[in-house]
Amino acid sequence: MPFPVLPAARRRPHGRRGLALGLTLALALASGLVWGGAPAFAQDGADAGAADGSGEATAPDAPPVLAPLSWPLPPVALAVEPAKRLFGAAPAPAMGKREAIGFYSNGCLAGGLPMASNGPGWQRVRLDRNRHWGTAALIHYLRRLAGDSRRLGRNGILIGDLSQPRGGPMLTGHASHQTGLDVDIWYDDMPANRLTKEMRETIPATSLLKPGTRDLDETKATDSLARLLRRAASDPTVERVFVNPAVKRWLCRWPYAGVGEERKWLRRIRPYWGHDDHFHVRLACPPGMASCHAQAPPPPGDGCGGQLDWWATDEPWDPAKQEPPKPPLLLADMPAACRSLVEP
């Protein structure tokens, strides 16, 4: 019998609290809440991205999201405003050395490069968010994947959020995507025609789940999509690809997943809450980029079988077992090098 869908778990932000408790609580009330924690059984920590597929989620009881600050920032804002308001105000990338700074969920991006709105095998959506910036490694990866997608029986890929111009935490939707190494890609095939600007802002991504359940809709689980996911995870620059647990279960059973060493790509396919209408690609720290903090590798094996059993229980979906939201990240909690990216 299909399980009812329960609220997705919230992710745990990284970093120390750098200011007095009174100030922190005031900021939390004024700015909206960041995602809370995921049980250790999730195996991938607190950094997979948006809690639901939209990339726009906020906690149900959160205050309205505040508008970005004006740019350049007033100096007093650096000490008292949540970091998401500071980085959300940056209209353009910081010049200078190109690097991913810090960790995926506590970091920033220097010298970010833009992903074009259109290209051979790709179209970007949600253009108004200004979240189309990344490292050179991420831009090159997306170009490769877009080209490969057309050889896998698809028209191309629909690209959602990368990072903000200077990375850092966002006003809405993501705990990670802060260093120019994360990107959301829709499961939908790219339309053959070019989308209008209005369509790019309004069309919904298609969930692969049966409505009101945690079960995969097999009619949407196409062979070309499985091949795209295998290609996405097989690129040597990839650290992880986050998908819904039902999608991971399907890929484990896919007849062309391979045998033995051929299944090693599945190790990078990581089940996580949400991700039913998009997959989230995370690249490893580029070689020689010492400022980038790596994530521990996934557990050994293909991640199928016993490693998926926990997701089939009610525990991951029980709201009573999820950690409450925590105060928003402050600039004082972030790598020191990030400060220079938002200083007036």
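For the structure itself, consult the block above.
Just so we're clear, the structure is a prediction, and the values are computed from it rather than from any experiment. (Residues numbered from 1 in each chain as written. Predicted model: local features only at pLDDT ≥ 70, side-chain atom pairs only at ≥ 80, totals over all residues. Heavy atoms only, no water.)

K.L.:
Explain the packing of aromatic side chains here, please?
P.N.:
What characterises a pair of aromatic rings is the spacing of the ring centres plus the angle enclosed by the ring planes. Counted by the stated rule, this structure contains 10 aromatic pairs. Aromatic side chains W273 and W310 sit 6.0 Å apart centroid to centroid with 90° between the ring planes, which places their arrangement in the edge-to-face category. With a gap of 37 residues between them, W273 in the loop between β10 (269-271) and β11 (278-283) and W310 in the loop between α8 (306-309) and α9 (336-342) connect regions that are remote in the sequence. For the pair shown, W273 and W310 are each scored as buried. The ring of Y256 has R227 sitting right over it, with the charged end atom 5.1 Å from the ring centre. Here R282 stacks its cationic end above the ring of Y104, 4.3 Å away from the centre of that ring. (Phe/Tyr/Trp six-rings, centres within 6.5 Å; stacked < 30°, edge-to-face > 60°. Helix = DSSP H or I, 4+ residues; strand = E, 2+ residues; numbered from the N terminus. Buried < 20%, exposed > 50% of the residue type's maximum accessible area, 1.4 Å probe, protein only. Lys NZ or Arg CZ within 6 Å of the ring centre and 35° of its normal.)

K.L.:
Sorry, what's going on with unusual backbone geometry here?
P.N.:
Note: most residues except glycine have negative phi, and most peptide bonds are trans. Between W71 and P72 the backbone carries a cis peptide bond, its omega angle lying at 0°. Residue position: P72 is located in the loop between α1 (21-31) and α2 (77-80). Notably, R126 is not glycine yet its phi reads approximately 55°, a positive angle. By the element assignment, R126 lies in the loop between β5 (122-124) and β6 (133-134). Phi at H177 is positive, roughly 60°, even though this residue is not glycine. Within the element layout of this structure, H177 appears in the loop between β7 (157-159) and β8 (182-186). Judged by its relative accessible area of 0%, H177 is buried.

K.L.:
Honestly, the nonpolar core in this entry has me stumped. Any pointers?
P.N.:
The nonpolar side chains of soluble globular proteins are, as a tendency, buried together. If you look at the biggest cluster of nonpolar residues, it comprises 54 residues, and the most contacted ones within it are L142 and F279. Within the second largest apolar cluster, 18 residues are counted, among which are A77, L86, A89 and L329. (Core = buried A, V, L, I, M, F, W, Y, C linked by side-chain atoms within 4.5 Å.)

K.L.:
What am I meant to see in the state of the cysteines here?
P.N.:
Two cysteines, two sulfur atoms, one covalent bond between them: this is a disulfide. A complete count under the given rule lists 3 disulfides for this structure. Paired through a disulfide, C252 and C304 show a sulfur-sulfur distance of 1.9 Å. Because the sign of the S-S torsion sets the handedness, a value of about -85° for the bond joining C252 and C304 places this disulfide among the left-handed ones. On the criterion of sequence distance, the pair formed by C252 in helix α7 (residues 245-253) and C304 in the loop between β11 and α8 is long-range, its members being 52 residues apart. A residue is classified by how much of its surface remains accessible, and C304, at 14% relative accessible area, is buried. The partner cysteine of C285 in its disulfide is C292, sulfur to sulfur 2.1 Å. On the sign convention where negative means left-handed, the S-S torsion of about -75° between C285 and C292 marks this disulfide as left-handed. The exposure class assigned to C292 is buried, which follows from its relative accessible area of 9%. (Disulfide = S-S within 2.5 Å.)

K.L.:
What exactly am I supposed to notice about the pattern of salt bridges here?
P.N.:
Between side chains of opposite charge, pairing is possible as soon as their charged atoms come close. The final tally for this structure, using the stated rule, is 17 salt bridges. R131 serves as the salt-bridge partner of D161, at 3.0 Å between the closest nitrogen and oxygen. Residue D161 is located in the loop between β7 and β8, and its partner R131 is located in the loop between β5 and β6; the two are separated by 30 residues in the primary sequence. Across the pair, exposure class does not vary: D161 and R131 are buried alike. Three or more residues joined by partner-sharing salt bridges are found here, namely R144, D148, R151, R231 and D235. (Salt bridge = Lys/Arg side-chain N within 4 Å of Asp/Glu carboxyl O.)

K.L.:
Hey, could you run me through the pairing of strand β1 (residues 99-103) in this one?
P.N.:
Consecutive side chains along a regular strand alternate between the two faces of the sheet. Among the 5 residues of β1, 5 are classified as buried, and the element is accordingly described as predominantly covered. As paired elements, β1 and strand β2 (residues 106-110) share 5 bridges and run antiparallel to each other. Considered in β2, the bridge of G102 is made with G107. Linkage of β1 to β2, two consecutive antiparallel strands, is achieved through a turn of 2 residues. (Pairing = 2+ DSSP bridges.)

Any functional reading would require information that these geometric values do not contain.
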